[in-house]
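Breakdown of the fold
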Amino acid sequence: MPELPEVETIRQYLDTCLSGCSVARVRLARSDLRFPFPQGFAERLTGARIIGVSRRAKYLLIACEKEGRKIVWLVHLGMSGRILWRAGEHSGEHSGEHSGEQGLGINHRHVCVDMKMANGDSGVLCYDDARRFGFMDLCNGDAMENDCQRLQKLGIEPLSNLFNGEWLWRSVICAICNRRNSGGRSIKDILMDQGYVAGLGNIYVTEGLWHARIHPMRAVKDINLDDCERITRDIRKVLRKAIEAGGSSLKDYRRGDGSTGYFQLKLRAYGRTNEDCLRKGCDGKINKIIIGGRSSYFCSNVAK
Ligand SMILES: [Zn+2]
């Protein structure tokens, strides 16, 4: 599943390739992904000029302009969605035999959207999604936060300056502990809650907590300000490292340019059940537990 660093990597890539392009043609191979495409999706995007690509949590927000109006084309990659771009491709018709697109590593059975771009950097953009957990939407760009309900309840961005120890301590930990019977929630559960922090997934929370030497099951009431400083600092550090490396490698995900060699971030805890802890001087082993249906990993020397 593409996590935040992958989405940020693809955002940077698409922003470079697509800004200034105009959508010449949109073809949908099906009427829905996880949800139906919005009404008039192809018509509304055709002729739009792409201004830039930003990101909110794991949503790609492709800002477009058409007839003086701003449209935001929202893309969520779900579990296996991939956006593949090939510059200068003169693909008249889309077909399984098209040799140019085979070079992108596209599995044509899974192509859901294909687009032709014109002006500036012309090319072909494909979205494929084997498991179809991704989705797309169009929002009114002038009233983005109002118009797009999916973005309304999202918490703060873990890569923004707002995500710091003071914030986690005051606005989250203390606030939760002041509510009756909620101090028992685990720190991992809180960090995965999109209403607090938007876009953080299992791998990076697990890694961040390992770096911060915090047991994922530690109850919120047992977390102090110093822990909050380490947690936010270390989560940001792992995210930044992964973005620098182009996102961690995941089986069904490829870089936006279609390259297969995706950098594997060196994971310290995630997936390392029973292996030695990699912290210097630590003789612990990595243990695995299931929290909320997801695997969590931590060093056996870290107290709950
Ligand atoms: Zn250790």
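Residues numbered from 1 in each chain as written. Predicted model: local features only at pLDDT ≥ 70, side-chain atom pairs only at ≥ 80, totals over all residues. Heavy atoms only, no water.

Note that Ser22 resides in strand E1 (residues 22-28). The buried category is assigned to Ser22, whose relative accessible area is 13%. (Helix = DSSP H or I, 4+ residues; strand = E, 2+ residues; numbered from the N terminus. Buried < 20%, exposed > 50% of the residue type's maximum accessible area, 1.4 Å probe, protein only.)

Those protein atoms acting as donors to the zinc ion are Cys277 (SG), Cys282 (SG) and Cys299 (SG), and they sit at 2.2 Å. When the donors of the zinc ion are listed by position in the chain, the intervening gaps give C-x4-C-x16-C. Looking at Cys277, the relative accessible area reads 7%, which means it is buried. (Donors = N, O, S within 2.8 Å, 3.2 Å for Na, K, Ca; no water.)

Moving on, we get to the packing of aromatic side chains. If you walk through the whole model with that rule in mind, you get six aromatic pairs. Each ring, one from Phe37 and one from Phe41, has its centre 5.1 Å from the other, and the planes form 45°; the classification is tilted. Take Phe37 and Phe41: they sit in the same class, and that class is buried. Each ring, one from Phe41 and one from Trp73, has its centre 6.4 Å from the other, and the planes form 75°; the classification is edge-to-face. On the criterion of sequence distance, the pair formed by Phe41 in helix H2 (residues 41-45) and Trp73 in strand E4 (residues 69-76) is long-range, its members being 32 residues apart. Look at Phe41 and you get buried, because its relative accessible area is 2%. The class for Trp73 is buried, based on a relative accessible area of 2%. Here the guanidinium or amino end of Arg279 rests over the ring plane of Trp210, the centre of that ring lying 4.5 Å away. (Phe/Tyr/Trp six-rings, centres within 6.5 Å; stacked < 30°, edge-to-face > 60°. Lys NZ or Arg CZ within 6 Å of the ring centre and 35° of its normal.)

A few words now on empty space enclosed by the protein. Take a probe with the size of a water molecule and roll it over the atoms, and the empty space left behind shows itself. A complete count under the given rule lists one cavity of 30 Å³ or more for this structure. Forming the walls of the largest cavity are Leu209, Trp210, Ile214, Pro216, Tyr297, Phe298, Cys299 and Val302. Among the elements of the structure, helix H8 (202-212) and strand E10 (294-299) are those that each provide at least two residues to the lining of the largest cavity. For the lining of the largest cavity, the element with the most residues is E10, which contributes three residues. In the lining of the largest cavity, the residues fall into eight nonpolar, no polar and no charged. (1 Å grid on protein atoms, 1.4 Å probe; cavity = no way out; pocket = protein on both sides within 12 Å on 5 of 7 lines; lining within 4 Å. Points joined across faces, edges and corners; volume = space filled by probe spheres on them. Nonpolar A, V, L, I, M, F, W, Y, C, P; charged D, E, K, R; others polar.)

Inspection of every chain in the model, using the stated rule, returns 20 salt bridges. For the salt bridge of Arg82 with Asp128, the shortest nitrogen-to-oxygen distance reads 2.6 Å. You can see Arg82 sitting in strand E5 (residues 81-87) and its partner Asp128 sitting in strand E7 (residues 123-129), a full 46 residues away along the chain. According to the relative accessible area criterion, Arg82 is buried, its value standing at 8%. A salt bridge links Arg230 to Asp227; the nearest nitrogen and oxygen atoms lie 3.5 Å apart. On the criterion of helical spacing, the pair formed by Arg230 and Asp227 is a turn pair, its members being three residues apart in helix H9 (residues 225-244). (Salt bridge = Lys/Arg side-chain N within 4 Å of Asp/Glu carboxyl O.)

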